[in-house]
Amino acid sequence: MLTKIKTYLDTNTNAAPLSVFRIGFGVMMLASIIRFWSYGWIEKLYLEPKFHFTFYGFQWIKPIGNYTYLLFAICGLAAFFVLIGFKYRIAIITFFLSFTYIELMDKTTYLNHYYFITVLSFLMCFLPANAYFSLDALIRKKQYKQIPKWTIDSVKLLLGTVYLYAGLAKLNSDWLFKAMPLKIWLPSKYDIPIIGETLMHKDWFHFAMSWSGMFYDLAIPFLLLYKKTRTLAFIIVVIFHVFTRILFPIGMFPYIMIVSTLIFFDATLHEKILNIFRKGISFLKFKTIALSDQAYRYSYRKLVHPILIVFFALQLVFPWRYLVYPNELFWTEEGFRFSWRVMLMEKAGYANFKIVNSETNDFFYVDNTDFLTPFQEKQMSFQPDFILEYAHYLGDHFKSQGHQNIQVFVDCYVALNGRLSQPYIDPKIDLYKEKESFKHKNWILPFNDEIKGL
Amino acid sequence: MFKKALIFLTIILVAIACSSSDDSTGSNNVDDGFDRTALLTNVADNIIIPAFQDLQSKLSALDTAKEDFLNDKSTTNLETLSDTWLEAYKVCQHVQMFNIGEADNVGGSEERGFVSFFNIYPVTVADIENGTSSEDYDLNTSDYFDAQGFPALDYLIHGVATGDALPLDKFTTNSDFNEYSAYLTDVMAQMITKNNAIVNNWESSYRNTFIANTDSGLNGSFNMLANDFLFFYEKGFRAEKFGIPTGVFSNGGTLPEKVEAYYKSDVSKELALEALTAIEDVFNGVSYTNNTSATSINTYLEFLGNEALVADINNQFVAVRNAINGLNSNFSQQVIDNNIQMNAAYDIIQAAVPKLKVDMAQSLNIVIDFNDSDGD
């Protein structure tokens, strides 16, 4: 066994797929940053709000005023350096740090695919993506055609994990037997050309989409791994992601996934792609770079291997942490994030906060629009950790205004996957006294229904 | 094989690039089993347009009464002016939520649109007094949004100016009596101009635009209508008429001076009931001119299989009406005499909010205003 592992770790493979992956990643990230900036979202999501929802343990990470633009500029520049493979190691580490910082600034904007980028860029810090066809290779006048096979496999493993876990998360009664939440989302897309009028409101179509989505996520990593099914799998990948792009506002994610899955193809395809690039940049008259006859060697193998083993072990275990919490996961959302639970719920809430003076029993309600943007209010109103953090913010705010004996209560209603709304938070609990932790929040009222499955 | 896949990919990418860029254009005859055009037609032809037209005729009557009063500043003429004011104010309750089309373009604040010129209260009397004494005011500036419309008329007709003994004195014995008369005329003219622009727009072109716009996106007519409906219930009805006076949004007691029609004093309940009728009628598609009903939000919800929710919401509206009926016709007095009862009524009104903003909005999958970032 050990020798098998050792042989595997020493196996080399063609570097072209990883170089194409690096270029694709750089292009997608650069485009994402430019897109985000051009839509005015930096201003809207990070500068306009008075208050930001932070991640537990990362409360110190906040937008940094107008320097936030600088942060995005650094992140975009790093993506460009990754793209051209210039100072790759520094560039990808800078990208990972700046992107992760951006994502940690306000959890209102949390998306699984942003988390995916964080995780992927972390992995890429350890990969020799500049070994071949990069500016670094041009500068050091040497490029490696061979790199360790595990480096490319690790990217495949990560992609496979994302799909597989997204598929496992769909194995629940709401998704499979109620076709929820697609039954809510699809009928409202009635104005899509052709299928909008004919399919979107049909019951069988909701079920067909739910089940095929589940099969897609579970099967696609394997279909991509086997050579015989690979091309078909890629066509399915394209159709699936393009379809989700038409139906839902999911930004760059479909394109990122389509480009990423190219890594499953073997090197001949990637060499063809690189040849196209070579033609494209031929006017720059770069000298041809000598190919090293040696394979790329890691300088810190003893460090890199254990780090990545721990990294993947965490990736595989972390999504299951919800099992240690009581009650329905979709309801409490304890252990919901960072687990590839994508498009699983239609959840909406309404939270009405009440500030009470415990001595006099005087009270007043809070107008959430005084403190939160509509987007923040929407996200806050059905997620317990948001509700708690906001309650503390309100308590602190009114304390600083001279109010005394402050208690913060909330009257909160949440509707999940088409069920009628029900009370969500115990209205008798003074949230100002409750502390955030990884422990179960016992002031979340029980879910009146049951969702079976994973 | 792979080349084919690449070509395929390109075609599809081009297809999305095209399809995602046209989400704001209208498309007719969308048929998914629910007839959205019929819904929009019913709401436009039987509710929105007749209500704005009625406001036009009531404002015209109000203007005549104002002319009569200025020609003969008698107590009787002032009373007639007051009566016509109340008639028009009641109609205003029926149009206030429709901040759509021209109503959203006549120059009001971003949030309130045309309501800025009709019903921002409490009225700021100091602005009126400064305006009349300096003769320097511009009703189109945001500073004057809370010093015009029905609340300003309420003060001019029923309020007593500093140093005066009677409401009538503003126009007769007050040193600025000419300016008060001019201010009254200006406020009237402003309301008539703005409402005429809205009515003309609906009659000439916007009706067809509105009905044709069956898009599902943020700017689709139904989506705008639903958002305006929710906003009116929560802000124009719940908060302004009940929540703010009863003191639930402020620390330190009640605010009886913040009720609607404070100076007339005994009509706040009547106006609130009128607004509730407007809300129920939009929800159930009941015609403004007669009691026939046709397709509206209720039938849409039923189409989506939410009959129980429709019943639940209508029952809550009944509970709201009962609670309001038990209140003093003068909310200001109600808040002073028995705020606990006012608070209880507020709680019943509040109880409908989650049903509307969570359950109804979720099952209709309404795009909530201004949120355009990505999802996953």
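Remember, it's a predicted structure, so these values are computed and weren't measured experimentally. (Residues numbered from 1 in each chain as written. Chains lettered and ligands numbered in written order. Predicted model: local features only at pLDDT ≥ 70, side-chain atom pairs only at ≥ 80, totals over all residues. Heavy atoms only, no water.)

### Things to note about the overall build of chain B
Looking only at helices and strands, one finds 13 helices and 0 strands in chain B. Within the span of chain B, comprising 376 residues, buried residues form 55% of the whole. Of the accessible surface of chain B, which amounts to about 14,500 Å², a share of 50% is contributed by carbon and sulfur atoms. (Helix = DSSP H or I, 4+ residues; strand = E, 2+ residues; numbered from the N terminus. Buried < 20%, exposed > 50% of the residue type's maximum accessible area, 1.4 Å probe, protein only. Areas by Shrake-Rupley, 256 points an atom, 1.4 Å probe, with all protein chains shown as cover.)

### Some thoughts on the sheet that holds strand β6 (residues 363–365) of chain A
Through backbone hydrogen bonds, the strands of a sheet pair up, either in parallel or in antiparallel fashion. Residue and element names in this part refer to chain A. Spatial strand order, β6-β5-β7-β8: 4 strands in an open sheet with antiparallel pairing. Strands with a single pairing partner mark the edges of an open sheet, and in this sheet they are β6 and β8 (422–423). Against the sheet, helix α19 (residues 384–400) touches β5 (347–357), β6 and β7 (406–416), its axis set at about 150 degrees to β7. (Pairing = 2+ DSSP bridges. Contact = heavy atoms within 4.5 Å. Axes fitted to C-alpha atoms, helices over the stretch in contact; angles between N-to-C directions.)

### A look at the packing of aromatic side chains
Taken as a whole and assessed by the stated rule, the structure comprises 72 aromatic pairs over all chains. Through a chain of ring-to-ring contacts, three or more aromatic side chains come together here, namely A:Phe51, A:Phe53, A:Phe353, A:Phe364, A:Phe371, A:Phe386, A:Tyr390, A:Tyr393 and A:Phe398. It is B:Lys194 that lies over the ring of B:Phe117; its NZ or CZ is 4.3 Å from the centre. (Phe/Tyr/Trp six-rings, centres within 6.5 Å; stacked < 30°, edge-to-face > 60°. Lys NZ or Arg CZ within 6 Å of the ring centre and 35° of its normal.)

### Description of the pattern of salt bridges
Residue and element names in this part refer to chain B. One pass over the full model with this rule turns up 32 salt bridges over all chains. The partner of Lys58 in a salt bridge is Asp54, with the nearest N and O atoms 2.9 Å apart. Here the residue Lys58 and the residue Asp54 both occupy positions in helix α2 (residues 36–71), the gap between them amounting to 4 residues, near one helical turn. When its relative accessible area of 24% is taken as the criterion, Lys58 is described as partly exposed. Glu270 serves as the salt-bridge partner of Lys90, at 3.1 Å between the closest nitrogen and oxygen. (Salt bridge = Lys/Arg side-chain N within 4 Å of Asp/Glu carboxyl O.)

### Notes on the state of the cysteines
Residue and element names in this part refer to chain A. The full count for this structure, using the stated rule, is 0 disulfides over all chains. Cysteine Cys125 is unpaired, with the sulfur of Cys75 as its nearest cysteine sulfur at 12 Å. Here Cys125 falls in the buried class, since its relative accessible area comes to 10%. (Disulfide = S-S within 2.5 Å.)

### Here's the deal with the side chain of B:Thr132
Residues and elements named next belong to chain B. Along the chain, Thr132 turns up in helix α4 (residues 125–134). Here Glu129 takes part through its backbone oxygen, which lies 3.0 Å from a polar atom of the side chain of Thr132. With residues up to four places along the chain from it excluded, the contact list for Thr132 reads Asp176, Glu179, Tyr180 and Tyr183. (Polar contact = N/O pair within 3.5 Å; in protein donor to acceptor, adjacent residues only side chain to side chain.)

### So, the packing of helix α2 (residues 16–38) of chain A against helix α8 (residues 149–169) of chain A
Residue and element names in this part refer to chain A. At a minimum axis distance of 9 Å, the contact between α2 and α8 shows a crossing angle of 45 degrees. Taken together, the axis directions place α2 and α8 in an arrangement best described as oblique. Regarding α2 and α8, the two cross each other, and that crossing is left-handed. Contact with α2, carried on its side by Pro17, Leu18 and Phe21, involves Thr151, Ile152 and Val155 of α8 and no other residues of that element. Its residues assigned to classes, the contact of α2 with α8 shows 5 nonpolar, 1 polar and no charged. (Parallel < 35°, antiparallel > 145°, perpendicular 65-115°, else oblique. Left-handed = near helix turned anticlockwise from the far one by under 90°. Nonpolar A, V, L, I, M, F, W, Y, C, P; charged D, E, K, R; others polar.)

### Focus: the side chain of A:Asn112
Within the secondary structure layout, A:Asn112 lies in helix α6 (residues 112–124). A polar contact is formed between the side chain of A:Asn112 and the backbone oxygen of A:Arg341, at a distance of 3.0 Å.

### Overview of the nonpolar core
Counting residues in each nonpolar core, the largest one holds 115 residues, and the members touching the most others are B:Phe150, B:Phe229 and B:Met360. At 14 residues, α2(B) tops the list of elements feeding residues into this core. Not counting residues up to four positions away in its chain, the partners in contact with B:Phe229 are B:Met97, B:Ile279, B:Val282, B:Phe283, B:Ile297, B:Phe317, B:Leu356 and B:Met360. Counting 88 residues, the second-largest nonpolar core is a separate cluster that includes A:Ala15, A:Ala16, A:Ile220 and A:Trp340. (Core = buried A, V, L, I, M, F, W, Y, C linked by side-chain atoms within 4.5 Å.)

### Things to note about the pairing of β5(A)
Residue and element names in this part refer to chain A. By the criterion of burial, β5 is predominantly enclosed, with 10 of the 11 residues buried. Pairing of β5 with β7, which is carried by 11 bridges, proceeds in the antiparallel orientation. Along β7, the bridge assignment pairs Lys347 with Leu416. Summarising the sheet, β5 and β6 pair through 3 bridges and their orientation is antiparallel. Residue Lys354 lies in a different strand from β6, and its bridge partner there is Tyr365. Where β5 folds back onto β6 in an antiparallel hairpin, the turn is made up of 5 residues, including Asn361, whose phi is positive at roughly 65 degrees.

### Let's talk about α2(B)
All names here are of chain B. Between its first and last C-alpha atoms α2 spans 51 Å; for 36 residues at 1.5 Å apiece the expected length is 52 Å, and the two agree. In the structure, α2 departs most strongly from a straight axis at Ala44, where the bend amounts to approximately 35 degrees. The N-terminus of α2 is capped by Asp35, whose side-chain oxygen sits 3.2 Å from the backbone nitrogen of Thr37. (Expected span 1.5 Å × (residues − 1). Bend = angle between axes of the 7 residues up to and from the residue.)

### Considering the confidence of the model for chain B
Scored by pLDDT, chain B comes out at a mean of 90, with 89% of its residues at no less than 70. In the predicted structure, residues 12–31 of chain B sits below a pLDDT of 50 and forms 26 contacts with residues beyond four places in sequence or in another chain. (pLDDT = per-residue confidence, 0-100.)

### Observations regarding a negative patch on the surface
Judged by side-chain charge, A:Asp367, A:Asp370, B:Asp104, B:Glu110 and B:Glu111 come together as a negatively charged surface patch. In this fold, A:Asp370 is placed in the loop between β6 and α18 (374–380). (Patch = residues over 30% accessible without salt bridge, like charges linked within 9 Å, V, L, I, M, F, W, Y side chains within 5 Å. Lys, Arg positive; Asp, Glu negative; His and termini not counted. Charge placed at Lys NZ, Arg CZ, Asp CG, Glu CD.)

### Focus on unusual backbone geometry
Put simply, A:Met180 and A:Pro181 share a cis peptide bond, and its omega is 5 degrees. Of note, A:Pro181 is situated in the loop between α9 (173–177) and α10 (182–185). Each neighbour pair has its own omega, and for B:Tyr121 with B:Pro122 the value is 5 degrees, a cis peptide bond. Backbone geometry at A:Phe338 places phi at a positive 55 degrees, although glycine is not the residue there. For A:Trp340, which is not a glycine, the phi torsion comes out positive at approximately 60 degrees. In this structure A:Trp340 comes out as buried when scored by relative accessible area, which is 2%.

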